[in-house]
Amino acid sequence: MKMKWFKTLAFTTLALAVMATAIPVASAASKLSGKIVINGSSALLPLTLQAAKEFKKANPKVKISASAAGSITGPQSVRKGIADIGAVDWDASTDVPGFKKFEGQVAHKVAVIPFAAVVNKNVGVDNLTTKQLQDIFSGKVKNWKDVGGSDAAIVVVNRAFGSGTRVNFQIKALNGTDFMSKGDNYKEVKSSGDMKTAVETTPNAIGYIDLVYVTSKMKALKINDVAPTEANVINGKYKVWGYGYYMTKGQPTGAVKAFIQYVQSKEFQNGSLKKLKFIPISAMK
């Protein structure tokens, strides 16, 4: 009887010990509180909104607000103290063409973003070379017939200066060639959402956008016969992609740190992030 009682006591003690080690983790997570303000990249906005939804479900005392007005506004908002996280499509802690680094800010990789040249669904072109893209976006080629399409004036839709999508597309799809900046068949938009709407609703339009925004009302073009797919980004065949970053003023703490860690976690990277057509950062060697 004593032996049976001892075994029962030992089992109960072990179970309580296991519970004791597990409870603080759950409690710590549920006790997180505060407010996180995120601003910047519209390319990263769908990812940010989904991550915020999932994070708030597990941490109901944390409030998260997210907005997007272009990548450059992310680190600018962090510098001004009006945002805790600046979402940006380049590492804003270093110099890049057109933009100086933001001193004192730390870059946290959160996603791989594939970008694509996109056209209105009425455009009868499926593939363009780098040279053809350069000629179109610089304004040298003005008619689709000159690149294998029908006889129709090309409408170029561009992102405004300060867009991370613009920075990536100009460097990686156009090899640094300058964009045209005016003309009867030229439009300029402020966000990825605006680009999506413009290309969808403007016959003969061409623009560029990250894959999460591509719809059935537009067509993502092959570049040099290579399609903008996850597989082609990972195997190195498709070059028009970049890392997405969350910028913080110094190393993050508290709820901000926990949120960034959640976005970087295997759970989110291999789950919702992939469903949104982003690529996990671990996929790139």
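Bear in mind the structure is a predicted one, so any value in this text is a computation, not a measurement. (Residues numbered from 1 in each chain as written. Predicted model: local features only at pLDDT ≥ 70, side-chain atom pairs only at ≥ 80, totals over all residues. Heavy atoms only, no water.)

### Digging into the overall build of the chain
Next up, step 1: When you go through the chain residue by residue, the secondary structure sums to ten helices and eleven strands.
Next up, step 2: Looking at the chain as a whole, 49% of its 285 residues are labelled buried.
Next up, step 3: Carbon together with sulfur atoms contributes 57% to the accessible area of the chain, which is approximately 14300 Å² in total. (Helix = DSSP H or I, 4+ residues; strand = E, 2+ residues; numbered from the N terminus. Buried < 20%, exposed > 50% of the residue type's maximum accessible area, 1.4 Å probe, protein only. Areas by Shrake-Rupley, 256 points an atom, 1.4 Å probe, with all protein chains shown as cover.)

### Topic: the pattern of salt bridges
Next up, step 1: Tallied over the entire structure, the rule returns four salt bridges.
Next up, step 2: Notably, a salt bridge pairs Asp126 with Lys219, separated by 3.2 Å at the nearest N-O pair. In this pair, Asp126 sits in the loop between strand 4 (105-120) and strand 5 (127-128) while Lys219 sits in strand 9 (residues 218-220), placing the two residues 93 residues apart along the sequence.
Next up, step 3: A relative accessible area of 22% places Lys219 in the partly exposed class.
Next up, step 4: The shortest N-O distance in the salt bridge between Lys196 and Glu200 comes to 3.4 Å. Residue Lys196 and its partner Glu200 are located together in helix 6 (residues 192-201), separated by four residues, close to a single helical turn.
Next up, step 5: Classification of Lys196 as partly exposed rests on a relative accessible area of 24%.
Next up, step 6: Assessed through its relative accessible area of 16%, Glu200 is described here as buried. (Salt bridge = Lys/Arg side-chain N within 4 Å of Asp/Glu carboxyl O.)

### Here's the deal with the environment of Gly149
Next up, step 1: Mapped onto the elements of the fold, Gly149 is located in the loop between helix 4 (130-138) and strand 6 (155-159).
Next up, step 2: Judged by relative accessible area, which is 22%, Gly149 ranks as partly exposed.
Next up, step 3: As a C-alpha pair, Gly149 and Val125 span 24 residues in sequence and 5.6 Å in three-dimensional space.
Next up, step 4: Those residues in contact with Gly149 that lie beyond four places of it in its chain are Gly124, Val125 and Trp144. (Contact = heavy atoms within 4.5 Å.)

### Some remarks on the pairing of strand 4
Next up, step 1: The element strand 4 is largely enclosed, with a buried count of 13 among its 16 residues.
Next up, step 2: Where strand 4 meets strand 8 (residues 205-210), five bridges bridge the pair, whose relative direction is antiparallel. The residue bridging Ala117 from the neighbouring strand is Tyr208, located in strand 8.
Next up, step 3: Bridge count for strand 4 against strand 9 is three bridges, and the pairing is antiparallel. By the bridge assignment, Asn120 is partnered in strand 9 with Met218. (Pairing = 2+ DSSP bridges.)

### Re the nonpolar core
Next up, step 1: Ile136, Phe137, Trp144, Ile206 and Phe259 are the most contacted members of the largest nonpolar core, which has 86 residues in total.
Next up, step 2: Counting residues per element, this core draws most heavily on strand 4, which supplies nine residues.
Next up, step 3: Structurally, this core is a two-domain feature, drawing no fewer than three residues from each of domain 1 (34-112 + 243-283) and domain 2 (114-235).
Next up, step 4: Every residue in contact with Ile136, bar those within four places of it in the chain, is listed here: Leu128, Val141, Trp144, Val147, Ile154, Val156, Met180 and Ile206. (Core = buried A, V, L, I, M, F, W, Y, C linked by side-chain atoms within 4.5 Å. Domains from an automatic or database assignment.)

### Considerations on the packing of aromatic side chains
Next up, step 1: On inspection of all chains with the given rule, the structure shows 13 aromatic pairs.
Next up, step 2: Ring centres of Phe55 and Tyr262 lie 6.2 Å apart, and the angle between their planes is 50°; on these two criteria the pair is classed as tilted. You can see Phe55 sitting in helix 2 (residues 45-58) and its partner Tyr262 sitting in helix 8 (residues 254-264), a full 207 residues away along the chain.
Next up, step 3: Judged by relative accessible area, which is 5%, Phe55 ranks as buried.
Next up, step 4: By relative accessible area, Tyr262 is classed as buried at 15%.
Next up, step 5: With centroids separated by 6.0 Å and ring planes inclined at 80°, the aromatic side chains of Phe137 and Phe179 adopt a geometry described as edge-to-face. Taken as a pair, Phe137 in helix 4 and Phe179 in the loop between helix 5 (164-172) and strand 7 (186-189) lie far apart in primary sequence, 42 residues in all. (Phe/Tyr/Trp six-rings, centres within 6.5 Å; stacked < 30°, edge-to-face > 60°.)

### Here's the deal with the pairing of strand 6
Next up, step 1: Among the five residues of strand 6, five are classified as buried, and the element is accordingly described as predominantly covered.
Next up, step 2: Where burial is concerned, the two faces of strand 6 agree: the one with Val155, Val157 and Arg159 and the one with Val156 and Asn158 are both buried.
Next up, step 3: For strand 6 and strand 8, the ladder comprises two bridges, and the chain directions are parallel. Bridge pairing links Val156 to Ile206 in strand 8.
Next up, step 4: Where strand 6 and strand 7 come together, four bridges link them in parallel fashion.

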